[in-house]
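Okay, here's what each chain looks like letter by letter:
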Amino acid sequence: MKKFHKVVKIFLFLLFAVVVFISVSCSKNRETNVVSGTKNQIFHLGNGAEPEDLDPHITTGMPEHYIISSLLEGLVTEDPATLAPLPGMAESWSVSEDLTIYTFKIGKNRKWSNGDQVLAHDFVYSWKRLLAPKLACQYSYSLYCVKNAEKFNKSEIDDFKQVGVRALDDYTLEVTLIAPTPYFLSLLVHHSTFPVHRGTIEKFGKMDERGSMWTRPGNFVGNGPFVLKNWELNKVIIVKKNPEYWEAEKVRLNEIRFYPIDDLNTEERMFRAGQLHSTGTAIPIEKIAVYKKKNPGLIHIDPFLGTYFYRFNVTRKPFDDVRVRRALAMSINRKQIVEKVTKGGQLSAYSFTPPDTMGYTPESEMPYDVEAAKGLLAEAGYPDGKGFPTTEILYNTNDAHRKIAVAIQQMWKTALNIDITLVNQDWKVYLDSVEELNYFISRAGWIGDYPDPNTFLDMFLTGGGNNNTGWSNKVYDDVISQASRTANREERYSLFQKAEKILLNEAPIISIYTYTIIRLISPDVKGWYPNVLDHHPYKYVYLSADK
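Okay, so let's go over this structure.

Definitions and limits used
- Every chain begins its residue count from 1, and numbering advances along the sequence as written.
- Thresholds applied to this predicted model are a pLDDT of at least 70 for local features of residues and 80 or more for the giving and counting of side-chain atom pairs; totals over whole chains, interfaces and linings are not thresholded and use all residues.
- With hydrogens and water stripped out, all remaining heavy atoms of the structure feed into the side-chain values.
- Ring pairs are drawn from Phe, Tyr and Trp, using the six-membered ring of Trp, whenever the two centres fall within 6.5 Å, and their geometry is named by plane angle: stacked under 30 degrees, edge-to-face over 60, tilted for the rest.
- The rule is simple: take the accessible area with a 1.4 Å probe, protein chains only, and divide by the maximum for that residue type; under 20% is buried, over 50% is exposed, in between is partly exposed.
- A positively charged side chain is recorded as over a ring if its NZ (Lys) or CZ (Arg) lies within 6 Å of the ring centre. The angle to the ring normal must also be within 35 degrees.
- One requirement defines pairing of two strands: DSSP has to find at least two bridges between them.
- Secondary structure elements follow DSSP: runs of H or I no shorter than four residues count as helices, runs of E no shorter than two count as strands, and numbering proceeds from the N terminus.
- Convention adopted: a line fitted to C-alpha atoms gives each axis, helices being fitted over their contacting stretch, and angles between N-to-C directions are expressed from 0 to 180 degrees.
- By definition, disulfides here are pairs of cysteine sulfur atoms that lie within 2.5 Å.
- Each salt bridge in this description consists of a side-chain nitrogen of Lys or Arg and a carboxyl oxygen of Asp or Glu lying within 4 Å of one another.
- Throughout, a residue-residue contact means that at least one pair of heavy atoms, one from each residue, lies within 4.5 Å.

**Section: the packing of aromatic side chains**
In this structure the tally under the stated criterion is 27 aromatic pairs. With 5.0 Å between their ring centres and 35 degrees between their planes, Trp214 and Phe220 make a pair best called tilted. Trp214 sits in the buried class, given a relative accessible area of 2%. Ring pairs connect the aromatic residues Trp93, Tyr102, Phe104 and Phe184, which therefore count as one cluster. If you follow Arg216 out to its NZ or CZ, it ends over the ring of Trp231, 4.2 Å from the centre.

Below, the structure is given as structure tokens:
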């Protein structure tokens, strides 16, 4: 019996040893996401925040845009390197001599992911939805360049046939503009102008209903290079290749997996561990110098057509007083922020539109002048900060935003002797707070939707969906409206200069710096070109391990 027990013990020991050996071997041989993804053309991509939604007509953020642009496609697409317009759902287009009428020919091989034909009528329906007053699309103003679009959106007319978009037949779409609009084709690459599938929209609700279930896996019908496969909240969104896409043979990726990761440190660790092919558009500040020194081939810092800024809620005291707003704006040391805090090649911003935006550089600037700021605050009734109410800076959860807010908090305390508290919220909650004007000062960022000054300045029109400050100025509105009707570039840019000066004088916002894109990218990622809008048409992207 003792001999039997001894044999059993030896057997169990050997069995345990074998199990441990197999476990260790499997662990060593287990492929990372990057290795297996490259083999199988599965792109693992950090996406920043959990998207608010995947409805192109109600979302406004970059995290949403990155995903939606894989699922839907507009009339035109763009060259991945130059951003020049290329055929999308429209195989061709022509423009009238006076540059106000665009005629798009829809390709007969363009289909929805369920096999339905994409028709000109789909764009008429989709743009009617975009402009529907009840839907309250925050980007509706972007189509005000279309004849009578503004009137329809503001319920001044209710017959959409009066709006300058109509289907001449199933495959011909005609768009009439109020004036020549040099950026019009580039505007059509923005997701707000993308079509939606009418049958799917109305299966899950009314045309102008927000938040219906049509954007969920199994329900979503799109016309882009990928279709929605899976959406696990706060974990991953997976899209797979769409066999019905008109250029499916060009699409080399089988899947894209978008990871909503708010924490930059977590995202960087995932990249370092081989779980991501690419991070989002930022990395931890303290890691920038490390990668530049030790792994310069992995870090990419590129220009970005965007401005990091703070909004004031001008409907709340004390920010209803322009002297207070200007005092706070003039007491931020932007140079110190970009050199000591962000450290990613950003440029100090003293105006809102980034310099050299298609040849336009703002002439007006908000100066850094602490003494003048103190004087303005005293004029407003708060000498040396006395009596100034404790107020808040709201930002979406992100360590980089926190560090910037801390720096500005200290600057205002030192320069103006005012106390500021910091409040952070998750992306969706933050968006709701800003939209509802439920804040005092809020962190914000604006990335150009197309390469033109208008994409920055028209957002502060009275009632504009992305204004979100409560600020209104009729002269400003009139100047921007006049610019939209001006064909001559020199005259148009002169009007933008006038508008920019009004914006700086009134200071409903504080520009802080011009963005750069700071991204970690695996060398396996091909067909991914740096550009100022950070647009990367996924049909050109593929994965290949360097030998």
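Alright, that's what it looks like, and here's the rest.
**Focus on the sheet that holds strand β7 (residues 172-176)**
Sheet strands associate in pairs through backbone hydrogen bonding, adopting either a parallel or an antiparallel arrangement. Within the open sheet, the 4 strands sit side by side as β4-β5-β7-β6. Their pairing is antiparallel. The open sheet has two edge strands with one neighbour each: β4 (90-95) and β6 (165-169). With direction set aside, neighbouring strand axes in the sheet form an average angle of 25 degrees. Judged from the 5 bridges that link them, β4 and strand β5 (residues 101-106) form a sheet pairing that is antiparallel.

**Structural notes on the state of the cysteines**
Should the sulfur atoms of two cysteines be covalently bonded, the bond is a disulfide. The final tally for this structure, using the stated rule, is 0 disulfides. Here Cys137 is not cross-linked by a disulfide; its sulfur's nearest cysteine counterpart is in Cys145, at 13 Å. The class of Cys137 is buried, set by a relative accessible area of 5%.

**Some points on the pattern of salt bridges**
Evaluation of the coordinates by the stated rule reveals 23 salt bridges. Across the pair Lys154 and Glu150 runs a salt bridge whose closest N-O atoms are separated by 2.7 Å. According to the relative accessible area criterion, Glu150 is partly exposed, its value standing at 31%. Between Asp399 and Arg402 there is a salt bridge, with the nearest N and O atoms lying 2.9 Å from each other. One end of the pair is Asp399 and the other is Arg402, both in helix α13 (residues 399-416) and 3 residues apart, which spans about a single turn.

**Considerations on the sheet that holds strand β15 (residues 441-447)**
The strand order β12-β16-β11-β15-β13-β14 describes an open sheet built from 6 strands, whose pairing is mixed. Each end of this open sheet is capped by a strand with a single partner; those strands are β12 (347-348) and β14 (420-425). As defined by bridge partners, strand β11 (residues 299-312) adjoins β15 across 7 bridges and the pair is classed as antiparallel. Considered in β15, the bridge of Arg311 is made with Ser442. Along the sheet face, α13 touches β11, β13 (391-396), β14, β15 and β16 (509-520) and points at about 160 degrees away from the line of β13.

**What about helix α3 (residues 62-71)?**
Where burial is concerned, most of α3 is hidden: 8 out of the 10 residues are buried. Listed in full, the buried residues belonging to α3 are Pro63, Glu64, His65, Tyr66, Ile67, Ile68, Ser70 and Leu71. Buried residues along α3 sit against β8 (226-232), β9 (236-241), β10 (255-259), α14 (427-435) and β16.

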